[in-house]
Amino acid sequence: MADFRVLTVCTGNMCRSPAAAVILRQGLVQEGLSDRIDVGSAGTSWDSEGMPMDDRTVKALVNAGFEEPFDHTARTVHQSELVGWDLVLAMTAEHAATMRRKVDQIPEGEPRPDVLLWRQFDPVVPANAREEDMAVPDPWYEGQKAFDRTVLGMIRAMPSLVLYLKVQLDALDSAKKRAGKREGQGSTHRV
């Protein structure tokens, strides 16, 4: 089982969030972290449940150098599954707000994922930008060029995002080491 789990979220889980998952998985493979971090995607709407990734998204990913197949079936994020994720990466402020409402409903004492926006890791976004200004553009009602632009824009965030995830793994590793030392100190045997 992975040490850390990331869920990418958009509306229908046919364009932006599955593209984000493909992009992030590739970045993790390149950094040798794919065995430690699990990446999934989901949507906030039921409208596309069971559908494949949009053909224009597939083409945009291939145009950007990613290799098929992209195994994907659109699904809706469920409240009950959120305790199993460590980080939710939303595509817009609205998606983030929806996910935060769901996270707020998780019972006290249960693990809660952090909810951030994908473009918080985009180096061209100013550090003081408001969440409303950090949306990954929805290409759904536009042509292939819009899908290509969206995917290329999303790729910009990958290096910073992978670095952030490395820091999260380092923190987990440090916590495990501290816990192991405490256990080792408590189990000293005298002869």
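Details of the structure are given in the entry above.
(A) Quick peek at helix α2 (residues 55-63). Residues T57, V58, A60 and L61 constitute the buried set of α2. The buried residues of α2 occupy an angular sector of 165° when the element is viewed end-on, so they sit on one face. Its side-chain oxygen 2.7 Å from the backbone nitrogen of R56, D54 forms the N-cap of α2.

(B) Inspection of helix α3 (residues 93-104) at higher detail. With 12 residues, α3 should reach 16 Å at 1.5 Å per residue; the first-to-last C-alpha distance of 16 Å fits that figure. Buried residues of α3: A93, H95, A96, T98, M99 and V103, and no others.

(C) Representation of the nonpolar core in the model. Core analysis: the biggest nonpolar cluster contains 38 residues, and L24, I37, L61, L89, W118 and L165 have the highest contact counts within it. Counting residues per element, the ones that place at least two in this core are β1 (4-10), α1 (16-30), β2 (37-43), α2, β3 (87-90) and α4 (144-186). At nine residues, α4 tops the list of elements feeding residues into this core. Excluding anything up to four places from it in sequence, L89 contacts V6, L7, T8, V9, L24, L116, L117, W118, F121 and L161. Grouped together as the second largest cluster of nonpolar side chains are 16 residues, V77, A90, V115 and L117 included.

(D) Fine view of the sheet that holds β2. Spatial ordering of the open sheet is given by β2-β1-β3-β4, a layout of four strands whose pairing is parallel. Of all strands in the sheet, those with a lone pairing partner are β2 and β4 (114-117), marking the two edges. Each adjacent strand pair in this sheet contributes to an overall mean axis angle of 25°, direction not counted. Pairing of β1 with β3, which is carried by four bridges, proceeds in the parallel orientation.

(E) Local environment of empty space enclosed by the protein. Within the structure shown, the criterion is met by one cavity of 30 Å³ or more. What the largest cavity holds in volume is close to 40 Å³. Lining the largest cavity we find C15, R16, A19, T57, P139, F147, T150, V151 and M154. Going through the elements one at a time, α1 and α4 are the ones with two or more residues in the lining of the largest cavity.

Parameters and conventions
- Residues numbered from 1 in each chain as written.
- Predicted model: local features only at pLDDT ≥ 70, side-chain atom pairs only at ≥ 80, totals over all residues.
- Heavy atoms only, no water.
- Buried < 20%, exposed > 50% of the residue type's maximum accessible area, 1.4 Å probe, protein only.
- Helix = DSSP H or I, 4+ residues; strand = E, 2+ residues; numbered from the N terminus.
- Arc of directions from axis to C-beta.
- Polar contact = N/O pair within 3.5 Å; in protein donor to acceptor, adjacent residues only side chain to side chain.
- Expected span 1.5 Å × (residues − 1).
- Core = buried A, V, L, I, M, F, W, Y, C linked by side-chain atoms within 4.5 Å.
- Contact = heavy atoms within 4.5 Å.
- Pairing = 2+ DSSP bridges.
- Axes fitted to C-alpha atoms, helices over the stretch in contact; angles between N-to-C directions.
- 1 Å grid on protein atoms, 1.4 Å probe; cavity = no way out; pocket = protein on both sides within 12 Å on 5 of 7 lines; lining within 4 Å.
- Points joined across faces, edges and corners; volume = space filled by probe spheres on them.

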